[in-house]
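Topology and contacts: notes
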Amino acid sequence: MNRNRISWHVSIVNEPIPFIDLKSQTERLRKKLDASIQGVLDHGKFVLGPEVSELEERLAEFSGAKHAITCANGTDALQIALMALGVGRGDAVFVPSFTFAASGEAPVLVGATPIFIDVEEGSFNLDILSLEAALAVAKAQGLRPAAVIAVDLFGQPADYDAISALAEKYRLTVIADAAQSFGATLNGRRVGTLAPITTTSFFPAKPLGCYGDGGALFTDDDKIAALLRSIRVHGAGTERYDNVRIGINSRLDTLQAAILLHKLEIFPDEIAARDRVARRYSEALDRVAIVPTVKKGRTSVWAQYTLRLPGADRNAVADALKAKGIPTAVYYPLPLHRQTAFLPYPRVEALPVSERLANEVLSLPMHPYLKEETQARIVAAMKEAIGTRT
């Protein structure tokens, strides 16, 4: 009998934990989702149907932006933004090196040149001093400084006040890459209103995600909004077959819009839950690792909860947690300037923070449905893996 009890306890302790728990969210919304999906199947308007327009209205209302324009994914959103600004060959676009590849891909896709810059240690976001240094790199390369893509990594907005001031001085347009930060705030203003154009992603793993690919752009500028809407549908004009500019095919499926409408309803509640999870992690692990911090005047939607483990064997820590059924992830093991596809493109002379973070970061399970007892198990395993029980 005693052996059976021990065996049962071990199986519970090592039961796999989801890194992102979409199943619990789906069960919460199941009846509404089933009804809305059936509604789309019944009316049959599968591309740019009425749910898409309704979602755009709700997204604009939520963010405070005048216009919200949906598209097929977050990478397309960045490309569409650059196309609307007329960015192309001979232009420089400044991009943080410590981010996902899409931020660096978009400038290349429109014929521009990405110039990689460093990030801040505390926020993981764009370093304004590195951005200023990159202007000299652009000049040396004979490029026109055109835009900066400020990535809100892991859920916290970048310092848009400082970035915007520098951008105005050098006539740069700021694009906020909010793939991970939609729903966050800076000095009381929500993401979507912090830059002339904001892009986001609705990839399933994002804080607000659909059941496939999806994305959106936000702006207060009527002319830019018209360009964005045209570009996402092959450069369409007022007549169906009169394409007035070169565009792309990047429409959000109606089914995904129907799903997002219900997810948006519970999004504020989920943001609050994510913050509670992050606070519990930070209180428990602040002596074990370098925990993430949210700067004054900002909120985060905690797309990831990312620790730094300087001096520790990150692989060994990840393996120890995996043995206990706890998944981890590394975002990102290689900064963009070291990835094969981006080696030909320029960067500022030194990117020490991006290099250091790539060797130190480790992300733990993060989602709104992470129970306290499950989180306690993660914390205990983390402390054991690092070699402390303080």
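Here's a quick rundown of the structure. Note on numbering: residues in each chain are counted from 1, in written sequence order. Predicted model: local features are reported for residues with pLDDT of at least 70 only, side-chain atom pairs are reported and counted for 80 or more only, and whole-chain, interface and lining totals are derived from all residues. As a rule here, side-chain values come from all non-hydrogen atoms in the structure, and water together with hydrogens is ignored.

**Brief notes about the sheet that holds strand 2 (residues 91-96)**
Spatial ordering of the open sheet is given by 1-9-8-5-4-2-3, a layout of 7 strands whose pairing is mixed. Each having just a single partner strand, strand 1 (67-71) and strand 3 (113-117) make up the two edges of the open sheet. Averaged over neighbouring strand pairs, the angle between their axes works out to 25° when direction is ignored. Of the strand pairs in this sheet, strand 4 (residues 144-151) and strand 5 (residues 173-177) are connected by 5 bridges, and their pairing is parallel. For Ala147, the partnering residue across the bridge sits in strand 5 and is Thr173. Any pair of residues with heavy atoms lying within 4.5 Å of one another is described as a contacting pair. With axes taken as lines fitted to C-alpha atoms, and helix axes fitted only over the stretch in contact, angles between N-to-C directions fall between 0 and 180 degrees. Secondary structure elements are taken from DSSP: a helix is a run of H or I of four residues or more, a strand is a run of E of two residues or more, and numbering for both begins at the N terminus. Lying on the sheet, helix 3 (residues 50-63) is in contact with strand 1 and strand 9 (215-219); it crosses strand 1 at an angle near 130°. Against the sheet, helix 6 (residues 128-140) engages strand 2, strand 3 and strand 4, with an angle of about 140° to strand 3. For two strands to pair, DSSP has to find at least two bridges joining them.

**Details of the packing of aromatic side chains**
Whether two aromatic rings pair depends on their centres lying within 6.5 Å, for rings of Phe, Tyr and Trp, where Trp uses its six-membered ring; planes under 30 degrees apart make the pair stacked, over 60 edge-to-face, and the rest tilted. Inspection of every chain in the model, using the stated rule, returns 14 aromatic pairs. Judged by centre distance (5.5 Å) and plane angle (45°), the rings of Phe62 and Phe182 are tilted. Highlighted residues: Phe62 in helix 3 and Phe182 in the loop between strand 5 and strand 6 (185-186), separated in sequence by 120 residues. In this pair, the class of Phe62 matches that of Phe182, namely buried. Exposure classes here rest on a 1.4 Å probe applied to the protein chains alone. A residue is buried below 20% of its type maximum, exposed above 50%, and partly exposed in between.

**Description of unusual backbone geometry**
Tyr332 follows Tyr331 through a cis peptide bond whose omega is 15°. As for its position among the elements, Tyr332 is in the loop between helix 10 (314-323) and helix 11 (352-360). Phi is positive for Leu48, which is not a glycine, with a value near 55°. Relative to the helices and strands, Leu48 is located in the loop between helix 2 (22-43) and helix 3. Although it is not a glycine, Trp302 sits at a positive phi angle of roughly 50°. Mapped onto the elements of the fold, Trp302 is located in the loop between helix 9 (254-285) and strand 10 (305-308).

None of the figures reported here should be taken as evidence of function without further support.
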